[in-house]
Every structure is written in structure tokens, then in C-alpha cells.
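In case you want the letters, here they are:
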Amino acid sequence: MPRFKTVLVTGGAGYIGSHCVVDLLQVGLEVVAIDNFANAVGDEEGSPALRRVEEITGKCVTFYKADLLNKPQIAQIFTKHKIDCVIHFAALKAVGESMQQPLLYYQNNLLGMLNLLEVMRANNCYQMVFSSSCTVYGEPEYLPITENHPTGKITNVYGRTKYFIEEMLKDLCAADMKWNIISLRYFNPVGAHPSGLIGEDPTKEFTNLMPFMAQVALGKKPVLTVFGSDYNTPDGTGVRDYIHVMDLASGHVAALNLLNTNHVKLKTYNLGTGKGVTVKQLVDVFEKVTKTKIPLKYVERRLGDITAMWADPSLAKRELNWSTRYTVEQMCTDFWRWQTMNPDGYPKKNKTNGVLN
Ligand code: NAD
Ligand code: WQD
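Residues numbered from 1 in each chain as written. Chains lettered and ligands numbered in written order. Predicted model: local features only at pLDDT ≥ 70, side-chain atom pairs only at ≥ 80, totals over all residues. Heavy atoms only, no water.

Caption draft 1: Representation of the site of ligand 2 within the structure. In the neighbourhood of ligand 2, 18 residues make up the surrounding shell, with Ser 133, Tyr 158, Thr 225, Arg 240 and Asp 305 lying closest. Here an oxygen atom of ligand 2 and a side-chain polar atom of Arg 240 are 2.5 Å apart. Relative to its unbound accessible surface of 680 Å², ligand 2 loses 88% to contact with the protein. Considering every element that reaches the shell around ligand 2, the biggest residue donor is strand β8 (residues 224–227), with four residues. Among the residues making up the shell around ligand 2, the classes are represented as eight nonpolar, seven polar and three charged. (Near = heavy atom within 4 Å. Polar contact = N/O pair within 3.5 Å; in protein donor to acceptor, adjacent residues only side chain to side chain. Areas by Shrake-Rupley, 256 points an atom, 1.4 Å probe, with all protein chains shown as cover. Helix = DSSP H or I, 4+ residues; strand = E, 2+ residues; numbered from the N terminus. Nonpolar A, V, L, I, M, F, W, Y, C, P; charged D, E, K, R; others polar.)

Caption draft 2: Representation of unusual backbone geometry in the model. The peptide bond linking Leu 143 to Pro 144 adopts the cis configuration, its omega dihedral lying at -10°. The residue Pro 144 is located in the loop between β5 (127–133) and α6 (157–175) in this model. Of note, the phi angle at Phe 37 is positive, near 60°, even though the residue is not glycine. Notably, Asn 321 is not glycine yet its phi reads approximately 55°, a positive angle. Relative to the helices and strands, Asn 321 resides in the loop between α10 (314–320) and α11 (328–341).

Caption draft 3: Representation of the sheet that holds strand β6 (residues 180–186) within the structure. The strand order β3-β2-β1-β4-β5-β6-β11 describes an open sheet built from seven strands, whose pairing is parallel. For this open sheet the edge positions go to β3 (62–65) and β11 (266–271), each flanked by a neighbour on one side alone. When strand polarity is set aside, the average angle formed by the axes of neighbouring strands in this sheet is 20°. Bridging between β5 and β6 involves seven bridges; their strand directions are parallel. Across the sheet, Ser 131 pairs through a bridge with Leu 184, a residue of β6. The sheet strands contacting α6 are β5, β6 and β11, and the helix crosses β5 at an angle near 150°. (Pairing = 2+ DSSP bridges. Axes fitted to C-alpha atoms, helices over the stretch in contact; angles between N-to-C directions. Contact = heavy atoms within 4.5 Å.)

Right under this line is the structure:
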């Protein structure tokens, strides 16, 4: 790689962002990361996740605590650094919270994106990779899901922010040929860096299956509630396409490679494994690799949940030359390594003496 020298990573202290920064540094890119710590541990002194990234790679990350809603702050970063390309992870992503606080989600995710695009244009930076989501597809009309599956029939506000941004990007790229944007629709990211040094440590309440299951395995939660056992699936539980976060990271490097060498205008790719896994199957693998027993409680279906969804990742394979490498066993093993090495997540500030403990 690359013609690109410096990449701005928004939401770089978060789960997927921090893992992606590892790969970006390892292919020789310089990384400027920003985060407002809405859902990540850290403060003015920086991000413990990114400090661990530096430990893993032996390279430095330039970090700013900055908010995309503060446009002058973002503009300042572009004057300090010559940014060649942006990977835009920063967003709020909790589905339940988005239903209760729609304005917060529309403001943060849509206005944050608008501010970013305007600052980029003002600084002659037209290259972007955007974090979209399989959630834009809504209830699948067919499986596996290809990129041209209809979008927009979404049942939650968070998902609609992703859909609206995708529509906005279409208008932008149609109006101005200079833009060169790749939108990546992630399926269900899980796992952690194999070192166990970085992983998922949200500051907001989480409800996703794997982190919840790990809390049960650690004894921090008594039981895993399984939402629905009467779906039309092999064992009655919901089916998803779980993808290792390091496979997602390499998908971003592949997307940058394409932007580096081609003017794609606007392209969209699924990032998934192409394999559907039921809740019960994931629990079985997790129990096996972690040698723990997860108590289960079967309850009604969760409102708004879909039955089954998995990707057709063949377009990304053909055009990005990207495919997944990690198995479901590795996803569970790596997530568990992170959890057991860091049962309380990243080191938090000790409020009494202000020293990292
Ligand atoms: P995350 O919450 O761990 O990371 C997002 C980061 O963005 C957080 O650290 C948060 O503090 C930061 N942020 C939010 N609003 C900001 C703002 N206004 N200014 C600056 N920083 C801000 O989430 P993640 O799982 O790493 O997700 C990254 C991206 O991928 C998000 O856009 C998310 O919607 C998308 N995505 C995630 C999943 C998933 O299941 N994890 C699936 C599909 C798509
Ligand atoms: C997975 C499966 C649940 C928790 C969410 C967002 C989506 C995208 C990915 C960002 C389902 C079941 C879960 C539990 C359970 N994110 N489950 N008990 O719902 O596929 O998607 O993350 O873009 O937008 O909605 O992920 O991990 O919540 O659920 O039985 O305690 O596990 O019903 O079948 P989901 P999930």
C-alpha cells in the first residue's frame, strides 16, 4: 500500500474502530483518530484502547478527543493534518435507545456525517469509507442477502440513520464526481483482537448476544435470555451472520486499496461470512471453547427482531479481493480471551487520585 498516507478514523476509540486502526498501522498508514467517548472509555488524556493498539503494533496513533457535532473542532484537525481519506465509524448504535431518543440519534449520526462531509470538501478530501449496517435491509425478502436487496423497510431509528446516510451519499456522489466513497454493510461483528489486549468495552448498556453471553459465563449475569425458540430455523432460534472483528478490519484495508487505485464514485459491499448461525449454535460453540455452562431462559421473540439474515459476500470477494478467515470457534475464543484478561474492560480512571489503575 499506499498512495494514501494519512487516514482519519472517526470513532477510533470504539470497538470496530480500534481494531481497524491495528490493521491500518500495520499496512504502514498514519492514523489520526478522533472520538468523543460517547460509547468508549477515555478522556482528554486519550483512549486506553488506542494505547493498547500502540502496544500491539509498536506504532503511534495521533488522537484527539473531538465531537463531530463540533464542526470547528473537526475543521481544526483537518488544518493540523493533511488527511487523505476518512474512515467514518463514529455513530450511536443502540437500537433500543434510538427508539426512545430519536432526535439524539438523528442529530448525532446525521448531523455528525454532514459536518464531516462539509469539512472534508472544504479541505479537498473526497475519499471515505462509511460504516453501514445489514440493518438497512430490514426483514429479508431472500437469502443470502446481496447488495441490491431492497433497503429502507427498517423497524428502528438507528437503522434509519444508516439508511438516510446511504441515500444522502447517493445524492452527494451524483452531484459531485469528485467524491469516492465505499459504504460497508457489516453483518454481526463479534470477537476481539487475538492478543486479548483490545476488545468490546462500551460505556452504554449493551444488549448484543455475544457480550451478554460472556457476562453470563463470567458470572456477572445469571442467565442468558434467548429471544424466541419458535422461528422457522433449524433449532427455532434466530439466525445471524457473525463476523470476526479482525475480518471486518481487513475489509476496511481492502476498501482503502480500492479507493486508492480506482475512482468508484459510490460502491456498497456486504461484509459478512455468508454463513448463518443460530443463537443456540453460537451458545454451543461458546460453551465448548470457553469450557463454561451458559444457563438459558427461553422467552418470547424480541420486538422488531428478524428471523434470519446472512450475507452474500461474493461482491466484496470479487471486487475488494477480500474474504473472511476466522471461524465461529475463533470468534468465541478471541472474545473470551479479551473478557477473561480484562473482566472489567479497559483500565478506568481512579477518581480519587486521577491515576490510571
Ligand atoms: P462503538 O460505539 O464501539 O464505536 C463508535 C464510536 O464512535 C464510539 O467510541 C463513540 O464514542 C464514537 N462517537 C459516537 N458519536 C460521536 C461523535 N459525535 N463524535 C465523535 N465520536 C463519536 O461502535 P462499533 O461497534 O465500533 O461501531 C462502529 C460503527 O459501525 C458505527 O457506525 C456502527 O453503527 C457501525 N456498525 C456496528 C455494528 C455492530 O454491531 N457493532 C454493526 C453494523 C454497523
Ligand atoms: C443476535 C441474535 C437475538 C441477545 C444488532 C442491531 C443491528 C446491527 C447488529 C449495528 C438475535 C438473539 C440477543 C440476547 C438473544 N448493529 N439474542 N438474547 O439484533 O442481529 O443486530 O446488531 O448496525 O442493527 O440490531 O444482534 O446481537 O442483538 O442479536 O437471544 O440477550 O441473538 O434475538 O437472534 P442483532 P444481537
